[in-house]
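Secondary and tertiary structure notes
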Amino acid sequence: MDDEIDGALSEPLIASGSSGTPRPSLMARVLATCGCSSSNEASKYDLAPYQELYISPKVYKRSVNALRFAVFVDAIAGTIEQPNYPIMVLPGAHADSFPDTGGLGFSGATYMVPMSALLGVAIASMIIGRASDKVGRKPCILFCLYGTVIGCILKFLFRFAFWPYCAFNFLNGLVSASVPVALAYAGDVNETKREKDGEIGVLVGVSMLGSAGGGIIAILMETQGLFVPLLVGSAIVFVAAVLNTLYLIEPKDVMASRQREREELGMDNEIEDDDDDQAQTVDKLDYKVFSLILLGALGDNVGSSGLMPLCLSPLAFQTFYTNANPPIMSQVAYKWISVLVALMVVPGTIVSPYIYNKLGLAGGCIMGNVITGIVTIFLLYIALAPASTATFGIFVALLYACFPFTVISQLSTGPMLEATSPPDKRGLAQGVNITVMNLGAAVSPFVLGAISDMAGTPTAIWICIAISFIAALINIPLIWVKGCNIPAKPRTGEKKPLKGEDKEMVEKALRGEWIPAEALEEIQEERYNNKQPYLVVPVRSYEEEKDELKVLRKRAKEDFIYYQRKYNEYLHRYNTLPASERRAFCDQINRSSEVSNQDEVDAVNADVGKWFADYLIDSGYHPHTDSTAIKQLIMTSFPVVNKGGAPFHPLNIERILLEYQKGYTRLIEMEGYDEGNEMRIGRVLQSARSVIYMQSI
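Residues numbered from 1 in each chain as written. Predicted model: local features only at pLDDT ≥ 70, side-chain atom pairs only at ≥ 80, totals over all residues. Heavy atoms only, no water.

**Observations concerning a nonpolar patch on the surface**
A cluster of nonpolar residues, Ile153, Leu157, Phe158 and Leu231, forms a patch on the protein surface that exposes about 330 Å² of accessible area. Relative to the assigned elements, Ile153 resides in helix H8 (residues 137-157). (Patch = residues over 30% accessible without salt bridge, like charges linked within 9 Å, V, L, I, M, F, W, Y side chains within 5 Å. Areas by Shrake-Rupley, 256 points an atom, 1.4 Å probe, with all protein chains shown as cover. Salt bridge = Lys/Arg side-chain N within 4 Å of Asp/Glu carboxyl O. Helix = DSSP H or I, 4+ residues; strand = E, 2+ residues; numbered from the N terminus.)

Encoded structure:
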């Protein structure tokens, strides 16, 4: 019988769907996109698709994975021509190059092509992003995807002339706003801030990979022509569009609905925030600070143009390819360098949170501005030196080694806006930020390219260097703005009791009050060492604690992490004990676990059950209508660690300790408690997309 029970407990509580149920037809899935559920059971009971999305992990994963793929391939399509820009605007450089550039010089034409697309993206980010709040996320995602399919085909058809190509590149940019809508979707379908930040990080990460992937496709298809990759981009975006038509589910922000419901009913907002390092929100938007952040970001973008792309193209392109005889850098080498440098944004996103935690957001931004200016000066002088294999190698090595540090300033803008904007203005602040960043990324290279054609590339680069240092000066006042300054070290909770304080802690524990897990464990450890029974801790009633539940949940992080560390210590002690001493180790634990008053223990166990039942009822569950479901939930949440409470023995102690450790580790990772009280990479990644745009030109 025990084996049957153990087997039942090891099986999943929900059927996997492989029991012979017929797979929904293609037509059923198409109908689901029109508002009908794709599940036979859901259709039978009229379950709305957004409800399936909220309750089913499988439906959630399918929908989110379709969206991730859409963001990935949309980024590929947006950068699939990026390595070919200098070659397509240089008449005679390739059979597919434009016959002329409509009166623009080489630098101006090189930047006019991406500028036309980025102008469209800047406009689309604000318009389509806001439209998704009105008409829904899915229609806007599909509009962007199908629009990109058509846009890539039109660009290929009008590839024979410079200005028509730029015109359709602009139109294609007007439908390239999948990333802002996808980030909004991530906010809709995830409940906690940790989950939202995590999904935002994934979306921006796949966008980064897609941006590099587009350039790689262009390089691999060089022999097929400069513009043939557009057809590949159109095809893969079409696949993503179909997948999202079938599987992407229009979300509904259930958490926001719950909050509105509580407000309308006059109830306190009890929607918990699982992040105990959550920054304090501001009541209103300080437009002076807001303008200062945006002005600094704009200056940073313009200044960074001196590093990328001006130092690489036209400066390095002309020095090591056009003017070198024979060329030191080939066209293929230039393409690989320009494509892979975008991936160096990733190391920048990894190191930036640690820098922000040391210097603050504003301090990190200033540091990034200064590093950008200094690195650009070094690259300028290297490229102006006589061209040789050595100078080319040093140029590329310095560019790749220093580039991750130069993007730190650009990555700080999003978190600064988040920290200084009230919740009801964050969408506006980030939307304006995306527009400003893209306008800067679009216009500044073209203007600087025109300056390069008239006054020389070094002059344009020196202008960018000066602007980088000016941007650093602009950001200095932000050092004193709350949220942008150096973050305060997290306050520690109650620590272990000092000598002489054990009595007070014991009295608190005997009253059923919370004391830190470390303090309680010290008490029990002392009793263990003195070969005394463990302290029996009574339970306060649910009514006494119901107003303190949020505080109790906050304290779980400290307690869980402590117990995880303590069980590691026990396992280490077990591993280092000679086999001959393990029996005595187990016997001592068993003696301390013995109870002198079984009635007292039974009363505590009954009180725990009463507390749990009261909590379930107060939280909206109905044990009296389906106690079996409650039991199943309990078994799932509390897996067996020691069947029947068997005494510790050298043959079972390791397994029992591992089961306890596994349980705490699962809770810690599931709740995100393993993430430190620091700025997370996911938050920084929110603004990384704008940096990728800068590299795409």
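That shown, we press on.
**Section: helix H15 (residues 306-322)**
The first and last C-alpha atoms of H15 sit only 20 Å apart over 17 residues, clearly below the 24 Å expected at 1.5 Å per residue. Maximum bend of H15: about 40°, positioned at Ala316. (Expected span 1.5 Å × (residues − 1). Bend = angle between axes of the 7 residues up to and from the residue.)

**Observations concerning the packing of H15 against helix H16 (residues 331-340)**
Packing of H15 against H16 leaves a shortest axis separation of 11 Å and a crossing angle of 150°. When the axes of H15 and H16 are compared, the pair comes out roughly antiparallel. With respect to the hand of their crossing, H15 and H16 are arranged in right-handed fashion. Taken together, the residues of H16 that come into contact with H15 (itself represented by Leu312, Ser313, Phe317 and Tyr321) are Gln331, Tyr334, Ile337 and Ser338. Here the residues of the contact of H15 with H16 sort into 5 nonpolar, 3 polar and no charged. (Axes fitted to C-alpha atoms, helices over the stretch in contact; angles between N-to-C directions. Parallel < 35°, antiparallel > 145°, perpendicular 65-115°, else oblique. Left-handed = near helix turned anticlockwise from the far one by under 90°. Contact = heavy atoms within 4.5 Å. Nonpolar A, V, L, I, M, F, W, Y, C, P; charged D, E, K, R; others polar.)

**Quick look at unusual backbone geometry**
Leaving glycine out, the prevailing phi sign among residues is negative, and the prevailing peptide bond configuration is trans. A cis amide bond links Asn325 with the next residue in sequence, Pro326, at an omega value of 0°. Within the secondary structure layout, Pro326 lies in the loop between H15 and H16.

**So, the environment of Thr413**
With respect to the helices and strands, the residue Thr413 is situated in helix H20 (residues 413-420). For Thr413, a relative accessible area of 2% puts it in the buried group. Sequence separation of Thr413 and Asp300 is 113 residues, and the distance between their C-alpha atoms is 10.0 Å. If sequence neighbours within four positions are ignored, Thr413 has contacts with Ile293, Ala297, Asn433 and Met437. (Buried < 20%, exposed > 50% of the residue type's maximum accessible area, 1.4 Å probe, protein only.)

Structural measurements only, silent on function.
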